[in-house]
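Structural description and commentary
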Amino acid sequence: MISQSRQHTLLEAIGEDPSRKVHIPQGPSYLTNPPGTTFWQAVGSWMFTLDHKRIGVMYLCGVMFAFLLGGIYAGLVRVELWNGTPGFLGESLQQAQNNYNQAFTLHGAIMTFLFIIPSIPAALGNIFLPMMLGAKDVAFPRMNLASFYLWCTGAVFFVATLLTSGLDTGWTFYTPYSTTTSTSVILATLGVFILGFSSIFTGLNFVVTVNTMRPKGMTWFKMPLFLWGIYSTAIIQVLATPVLAITLVLLVCERTLGIGIFDPAKGGDPVLFQHFFWFYSHPAVYIMILPGMAVISEVIPVYSRKHIFGYTFIAYSSVAIALLGFLVWGHHMFTSTESALAAVIFSALTFTVSIPSAIKVFNWLTTMYKGAIHFNAAMCYALAFMFLFTIGGLTGLFLGALSVDIHLHDTYFVVAHFHYVMMGGTLIAFLAGLHHWWPKMFGVMYNEFWARIACLLVFVGFNLTFFPQFILGTQGMPRRYAAYKEEFQFLHQLSTTGYFVLGTGLFLAAAVLIISLFKGKKAPDNPWGAATLEWKCCSPPTHHNFEVQPWTGSPYVYDDFVYDPDAEGYVEVLPDLQRDAKPAEAPAAPATT
Amino acid sequence: MADAATLDSPETEPQTADHGHGDHHDHHPALEHHFEDLDQQFDAGKLGMWLFLAQEVLFFSGLFAAYTVYRWANPQVFVDAHHHLNTTLGAINTIVLLASSLAIAWGVRAAMRGDRYTILTTHVFTLGCAAVFMGIKTIEYTHKWDEGIGAGNFYKFLEGQHVHGDWMFADYVLGLTVGSLAVGAVVSLIGMVLASNGSRVWGWCVGSVGVSILSLGLGIVIAKCIMLTPLEAEMAAAHGDGHGAHAAHAEDHAAEPAHADVAHASEEGHAEAEGEAAHEEPYTGPSPAERMSFSGPNFFGIYFIMTGVHAVHIIAGMIAILWVIAKAADGQFDADYFLPVENVGLYWHLVDLVWIYLFPLLYLIH
Ligand code: HEM
Ligand SMILES: [Cu+2]
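Below is a summary of the structure that appears in this document. Please read these numbers as outputs of a predicted model, since none were measured by experiment.

As a further point, take the overall build of chain B. Summing up its helical and strand segments, chain B has 12 helices and 0 strands in all. In chain B, the succession of helices and strands from N to C terminus is α-α-α-α-α-α-α-α-α-α-α-α. Buried residues in chain B amount to 52% of all 366 residues. The long-range share in chain B, meaning contacts at least 24 apart out of those at least 6 apart in sequence, stands at 80%. Of the roughly 16,500 Å² of accessible surface on chain B, 68% is carried by carbon and sulfur atoms.

Rendered as structure tokens:
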């Protein structure tokens, strides 16, 4: 292992010349207020903060709350499905089915719009995107705060939906049912509309920040891959979300005024709604997964202690996914009166999307090959991601194949597919990122052992929950039904059991992290020896992130980060210019002591 | 993008060669703390605006897509139904908006030169044009309402019959006109008094609001005059026969339970939305035989949504312009810093551009 032998030489080098060790100035944490702040001033300092990190932390709390809420609804769905007969959600079939419709709809809508879409970009992205650029903040801090409050308003609308007559249209709001059901479609659609603008604002902010606020030495191809992923996501957020917004406006008008755009009873075309909806929602699945991939691209090289393999391929594949994602929405409509020609074209295009996805997976694998892999919790999640996302992506190909999809459409196979990509992909990546960046965000170390146990439980629970659903789907179990035939019972019970294992794992992970806030050891500035800029400030960072401008080196070269037993973390050493003959444009003397 | 800034202010060329922190030579009051210099701030702000405009275009694109799909499938309905739109009013509104765009572009140019007074006058003029536009729209909309041409469920128009409600907008137009002209004049005067008494910001703001109200009245007067000219009557007579499609729209179609579905049962549903009596029947969608064809009400559904969403954008633009007027009156802009003027100008051009498409697509169909 080349990197290790090099570390050795550098260790000696510090011994000879301690001045080459990069000193990171410490300062007051962004989480605290100056002494003497009263309680209400402190509350105000959070509510009106323009600090991207604080906004990110508030987002983090918000999305975790949404996740909990969505998770409870998932539980209702799973418990009802323990038996093939109605029971838990209602005595009669009618009653159970009505409640079941509400439960899966609210589960899906909350998870998609309130949790997954904002999770990585708005929480982790908000905190780390400017820091990875060495910037003080995002380009539009006020818009950033507005985006958070829009998210809150959207959440209030959802809660209002729950407290009124609920929602039973499915998260897709398909017409004509959504124009005729008596549940609170208008409240929910307005909520999604508002959340859409929250998402657009976040995306817009990120595109502008990356475009205009990169430090001088950081060209596009020297950016950390996290930024490429978030950037591609942001482009989709800006360009796809407005189409959903106008569709929902039309839906609200349809319900209130009966304008006859989507309602066949009035001469409208319900399939048009599906086109509009998927024109947003297929790209939106990439809004969900690209940030996940972005996190994984950061985590894998750090814990493999190896330069990321195929940097440019990973970078371009993010952009390719973002662009191709706009061309495949028709694969959700193979059975919705789509012409044979259109179906074939959409099917073919769908296959092309898998190419950039596969490129990423292969590059991560190759990065790990012969690396010095450290099985930290973050890395364990990243490995789980690779496994689960691959299954999710491959089963997407089954669904993209026309003839197969005619059989599998609207069965549990689809449910399993998208949970493997959304939960096995995005959520797991979110957890990987959370564990990776936790010490930087909050300045504390969590218990590695229990974090890894939690990861294992999540992994096992996840597969137990969702793998049986692939089999159920191929056997013909349709989605969105509260009751089913005897023969499906065993697999459903496995799945419900898995839900509880998964839930336990998630609660354990949460507990480990939350306990660390109170009991955790103080985190070193760079506990994992990562080379991206956010690790070149103190943990937790100060309000302005960097007290001195950090040197922008390569984000994936770990040779200059050596383990310092005193700090229990890594420190950066300046390359020895005479000995290593580093490239000429090496550091213009960053601050050292 | 950057040349616009540097063109007029070569002194704001980036002076800090290093990726510096801390000391800026540039202490412009408008420079925000997280930007390095005004150039960076300008680039960011402008890119942000362009992205916002891209977002707006996609927002409208859904409407245009719906329009295209339905027009493709039902060309005759579009041709027939659009005769209820008054081309002259649409044309005048187009001209008014073009004039406003010209004015605001002029204002941006003035801002680049640091000419504060011209920023103010051009923006007030733009605001006036916007209000004239809204005045004309008001008459267009209310006139349709009085004819029974509303969106969707509010469509009561039947060929050859006058569907007068008990309540007609027409009865109030005179009052509205006189009221807005009078109120507008008074408010404008107050604005002028304020401005001459030294409170420049309040003066310009109140004055602009006054001009808007006044122009709204003016728009109403213009629209009314045009509607009363014989041209309109002729047009109506010439095309009065083109509404076969409406007749086909039988209002009472009781919903037939095509497929009773446990999952999708609902009590109120469509029947209520239509205001019909079929309450006991759970609506589950029309059977193919009952499926209504696309007709006049659908056209006006599209018309009202497209123009309505556009009008909302006009109103938002007016608020933004008012904001620029307030900032300009406060003397916040100079040749180094005029980003808000430029951005609001860009937004206004987009809103105009949308109308440039709406006008032929809705009013000039053949
Ligand atoms: C590797 C690339 C992928 C391919 C080829 C693919 C393909 C498909 C296809 C063909 C369907 C339609 C199935 C049907 O309704 O019959 C589908 C459904 C779905 N996919 Fe994917 N997919 C991919 C990745 C993803 C990702 C990354 C996500 C989210 C993070 C995702 C989320 C979903 C969702 C939510 C649905 C179900 C929508 C619904 O009906 O409610 N997919 N996928
Ligand atoms: Cu899709």
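Our focus in this paragraph is the overall build of chain A. When helices and strands are counted, chain A shows 17 helices and 4 strands. Here the C-alpha atoms of chain A give a radius of gyration of 25 Å, agreeing with the 25 Å that 2.2 N^0.38 yields for 593 residues. With the C-alpha coordinates of chain A rotated into their principal frame, the extents come out at 80 × 50 × 45 Å. In chain A, which comprises 593 residues, the proportion classed as buried is 62%. The long-range fraction of contacts in chain A, counting pairs at least 24 apart against all pairs at least 6 apart in sequence, stands at 80%. Counting 28 positive and 30 negative side-chain charges, chain A places the centres of these two groups 4 Å from one another.

This brings us to the nonpolar core. Counting 273 residues, the largest nonpolar core has Phe113, Phe173, Trp364, Phe385 and Met441 of chain A as the members making the most contacts within it. Met441 of chain A has contacts with Tyr30, Leu31, Leu60, Leu124, Ile127, Phe128, Leu434 and Pro540 of chain A, leaving out every residue within four places of it along the chain.

Turning to the layout of surface pockets, a few remarks are in order. The computed volume of the second largest pocket comes to approximately 1,300 Å³. Around the second largest pocket, the lining is made up of 36 residues, and of these Met143 of chain A together with Met49, Phe52, Trp323 and Asn343 of chain B lie nearest the centre. If you list the elements that add at least two residues to the lining of the second largest pocket, you get helix H5 (141-163) and helix H7 (185-212) of chain A together with helix H2 (38-73), helix H11 (296-329) and helix H12 (339-363) of chain B. Examining the composition of the lining of the second largest pocket, we find that 9 residues originate from one element, H2 of chain B, more than from any other. Looking at the lining of the second largest pocket, its residues break down into 26 nonpolar, 6 polar and 4 charged.

Together, Leu98, Leu353, Ile356 and Tyr357 of chain B make up an exposed nonpolar region whose accessible area comes to about 380 Å². Sorting elements by how many residues they give to the nonpolar patch places H12 of chain B first, with 3 residues.

This paragraph deals with the coordination of the iron atom of ligand 1. Residue and element names in this part refer to chain A. Counting protein donors to the iron atom of ligand 1 gives just one, His417 (NE2), placed at 2.2 Å. The distance between the iron atom of ligand 1 and the copper ion (ligand 2) is 4.5 Å. In this structure, His417 sits in helix H14 (residues 412-442).

Our next topic: the site of ligand 1. Residues and elements named next belong to chain A. Surrounding ligand 1, one finds 22 residues, the nearest of these being Trp171, Asp405, His409, His417 and Arg479. The side chain of Trp171 places a nitrogen or oxygen atom 3.0 Å from an oxygen atom of ligand 1. Interatomic distance of 2.9 Å between a side-chain N/O atom of His417 and a nitrogen atom of ligand 1. Elements with a minimum of two residues in the shell around ligand 1: helix H9 (270-304), helix H12 (377-400) and H14.

Residue and element names in this part refer to chain A. Every protein donor of the copper ion (ligand 2) is listed here as His282 (ND1), His331 (NE2) and His332 (NE2), and their distances to the metal cover 1.8 to 2.0 Å. Along the chain, the residues that donate to the copper ion (ligand 2) are spaced as H-x48-H-H. When its relative accessible area of 4% is taken as the criterion, His282 is described as buried. Owing to a relative accessible area of 15%, His331 belongs among the buried residues under this scheme.

Looking now at the side chain of Arg255 of chain A. Residue and element names in this part refer to chain A. Positionally, Arg255 belongs in helix H8 (residues 225-257). Among the polar contacts listed, one links the side chain of Arg255 to the backbone oxygen of Thr181, at a separation of 2.8 Å. In this structure Arg255 touches Ser178, Thr179, Thr180, Thr181, Ser182, Thr183, Val185 and Ile186, once residues within four positions along its chain are discounted.

With that out of the way, let us pick up the interface of chain B and chain A. Between chain B and chain A, the contact holds 55 residues from the first and 52 residues from the second. Where chain B abuts chain A, roughly 4,600 Å² becomes buried across the two surfaces, and 66% of that area is made up of carbon and sulfur atoms. For the salt bridge of Arg142 of chain A with Glu32 of chain B, the shortest nitrogen-to-oxygen distance reads 3.6 Å. Between the two partners, chain B and chain A, sit 7 residue pairs in polar contact (both at pLDDT 80 or more). Listing elements by their share of the side of chain B that touches chain A, those giving two or more residues are H2, helix H10 (269-274) and H11 of chain B. Taken together, the residues of the side of chain B that touches chain A sort by class into 26 nonpolar, 21 polar and 8 charged.

Residue and element names in this part refer to chain A. Note that strand E3 (residues 561-564) and strand E4 (residues 569-572) share 4 bridges and pair antiparallel. Note on E4: the bridge partner recorded for Val562 is Val571. Between E3 and the antiparallel strand that follows it, E4, lie 4 residues; Glu568 among them carries a positive phi value of about 55°.

All names here are of chain B. Two elements in contact, helix H5 (residues 116-147) and H11, have axes separated by 10 Å at closest approach and are oriented at 155°. With respect to their mutual orientation, H5 and H11 come out roughly antiparallel. H11 is crossed by H5, and the crossing has left-handed handedness. Counted by class, the contact of H5 with H11 contains 22 nonpolar, 5 polar and 4 charged residues.

About the criteria used
- Residues numbered from 1 in each chain as written.
- Chains lettered and ligands numbered in written order.
- Predicted model: local features only at pLDDT ≥ 70, side-chain atom pairs only at ≥ 80, totals over all residues.
- Heavy atoms only, no water.
- Helix = DSSP H or I, 4+ residues; strand = E, 2+ residues; numbered from the N terminus.
- Buried < 20%, exposed > 50% of the residue type's maximum accessible area, 1.4 Å probe, protein only.
- Contact = heavy atoms within 4.5 Å.
- Areas by Shrake-Rupley, 256 points an atom, 1.4 Å probe, with all protein chains shown as cover.
- Rg over C-alpha atoms; globule rule 2.2 N^0.38 Å.
- Lys, Arg positive; Asp, Glu negative; His and termini not counted.
- Charge placed at Lys NZ, Arg CZ, Asp CG, Glu CD.
- Core = buried A, V, L, I, M, F, W, Y, C linked by side-chain atoms within 4.5 Å.
- 1 Å grid on protein atoms, 1.4 Å probe; cavity = no way out; pocket = protein on both sides within 12 Å on 5 of 7 lines; lining within 4 Å.
- Points joined across faces, edges and corners; volume = space filled by probe spheres on them.
- Nonpolar A, V, L, I, M, F, W, Y, C, P; charged D, E, K, R; others polar.
- Patch = residues over 30% accessible without salt bridge, like charges linked within 9 Å, V, L, I, M, F, W, Y side chains within 5 Å.
- Salt bridge = Lys/Arg side-chain N within 4 Å of Asp/Glu carboxyl O.
- Donors = N, O, S within 2.8 Å, 3.2 Å for Na, K, Ca; no water.
- Near = heavy atom within 4 Å.
- Polar contact = N/O pair within 3.5 Å; in protein donor to acceptor, adjacent residues only side chain to side chain.
- Buried area = accessible area lost by both parts, 1.4 Å probe.
- Pairing = 2+ DSSP bridges.
- Axes fitted to C-alpha atoms, helices over the stretch in contact; angles between N-to-C directions.
- Parallel < 35°, antiparallel > 145°, perpendicular 65-115°, else oblique.
- Left-handed = near helix turned anticlockwise from the far one by under 90°.

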